Amino acid sequence: MTAPVHGSVSEGGPVPGGGPASVASRGVPARAGEGEPVPSASDRARQLIRSGFGLIGPRHPRHALPLESLPELGLPIGDDGVVIGVDAESRPAVLGVNRPTPYDMVFIGGLWTAQVIALRAAATGARVAVETGRAGAWAQLVQALGVGQSGMAVHDVGRVPPQGASAGSPVLVVRDCGMRPPRGRVVSAPWQSVLTVLPYLSPVAPRLVRQARLVGVQRVSPDEAVQIGRLLGLPGADVESLPTLADGVTLWCADRDRQYVMTQATDAETGLLGTARRMD
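Below, the structure is looked at part by part. (Residues numbered from 1 in each chain as written. Predicted model: local features only at pLDDT ≥ 70, side-chain atom pairs only at ≥ 80, totals over all residues. Heavy atoms only, no water.)

Focus: unusual backbone geometry
Inference 1: Even without being a glycine, S90 presents a positive backbone phi close to 65 degrees.
Inference 2: In this structure, S90 sits in the loop between β3 (82–86) and β4 (92–95).
Inference 3: Residue S90 is classed as exposed on the basis of its relative accessible area, which comes to 59%.
Inference 4: Unlike most non-glycine residues, W191 shows phi in positive territory, near 65 degrees.
Inference 5: Here W191 lies in the loop between β8 (171–176) and β9 (192–198).
Inference 6: For W191, a relative accessible area of 24% puts it in the partly exposed group. (Helix = DSSP H or I, 4+ residues; strand = E, 2+ residues; numbered from the N terminus. Buried < 20%, exposed > 50% of the residue type's maximum accessible area, 1.4 Å probe, protein only.)

This is the structure we're talking about:
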């Protein structure tokens, strides 16, 4: 808090405090007491500014932490994004879909998990545009979320209009276009991520996987697991585990990072989508 300054500091005008300008401000030296000079108006103004106009703010005791207690101080620091489940140690697994750079994702798995991701992305404030040939499968989510900001819109394959994504209005485009999705008219862009859903490993999957920055794989056949292992450079243990994954479990791969995530629905999500399932 600062005290108001009345008037301006100028020759012949008022000075802070409302009094007339001093004689010194007009070039006439003024003295007080035993020959001590009186500071000029400009000097007084500068002194007031340096001292905060003479007001002293509140004083509080310092909060100190002994050095030996520092390891006990825990700060909740984590990624920013959509919580898509928990990892093997039951810690939240977060998917950052709202990014200032283009971001492509491929998900080889069931519609249930893809819809949970879309639902949670909308809950974080993103607009969700779904490109699909089975609009009926998404109708219940559209009805629940509505259309507009933080909503969902469903479009026919190849009919997604420009979304106008921005930092204040990020977009997630979900391409649920079957085994052979055509090249999309709306591609990834700043603040606009694209999630391509494949029910199984298809002939176009290698191209999409190579272009993607993140790949999620749910339960697949042993033959598909071998092909996916080659595409992603998976170790043998992960290749062997893919045909045995439980419903709702996804192996997410980005560069050399791999993480198994179990997606668990909330009560509201279960009411909308039912329980986790790999097959649709």
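Quick notes on the packing of aromatic side chains
Inference 1: For the structure shown, the criterion picks out one aromatic pair.
Inference 2: Judged by centre distance (5.8 Å) and plane angle (20 degrees), the rings of F107 and W252 are stacked. Here F107 is found in strand β5 (residues 103–108), whereas its partner W252 is found in strand β11 (residues 249–254), with 145 residues between them in sequence.
Inference 3: Given a relative accessible area of 0%, F107 falls into the buried group. (Phe/Tyr/Trp six-rings, centres within 6.5 Å; stacked < 30°, edge-to-face > 60°.)

Observations concerning helix α2 (residues 111–123)
Inference 1: With 13 residues, α2 ought to run about 18 Å at 1.5 Å a step, and its terminal C-alpha atoms sit 18 Å apart, in line with that.
Inference 2: Burial analysis of α2 places 12 of its 13 residues in the buried class, the great majority of the element.
Inference 3: Within α2, the full set of buried residues consists of L111, W112, T113, A114, Q115, V116, I117, A118, L119, R120, A121 and A122.
Inference 4: In the stretch just after α2, G125 is the one whose phi turns positive, near 110 degrees. (Expected span 1.5 Å × (residues − 1).)

Brief notes about the nonpolar core
Inference 1: Among the nonpolar cores identified, the biggest contains 30 residues, and I84, M105, V128, W138 and V174 are the most heavily contacted of them.
Inference 2: Mapped onto this core, the elements with two or more residues apiece are β3, β4, β5, α2, β6 (127–132), β8 and β9.
Inference 3: Sort the elements by how many residues they give to this core and α2 lands first, with nine residues.
Inference 4: Counting 21 residues, the second largest nonpolar core, distinct from the first, contains V106, L198, A212 and L251. (Core = buried A, V, L, I, M, F, W, Y, C linked by side-chain atoms within 4.5 Å.)

Details of helix α5 (residues 222–232)
Inference 1: Of all the residues in α5, the buried ones are E224, A225, I228 and G229. Looking straight down α5, one finds that the buried residues subtend no more than 140 degrees of arc, so they occupy a single side. Of the residues in α5, the exposed ones pointing more than 90 degrees away from the buried face are D223 and R230.
Inference 2: Along its buried surface, α5 packs onto β5, β10 (214–217) and α6 (236–241).
Inference 3: Looking one or two places after α5, you find G233, whose phi comes out positive at around 65 degrees. (Arc of directions from axis to C-beta. Contact = heavy atoms within 4.5 Å.)

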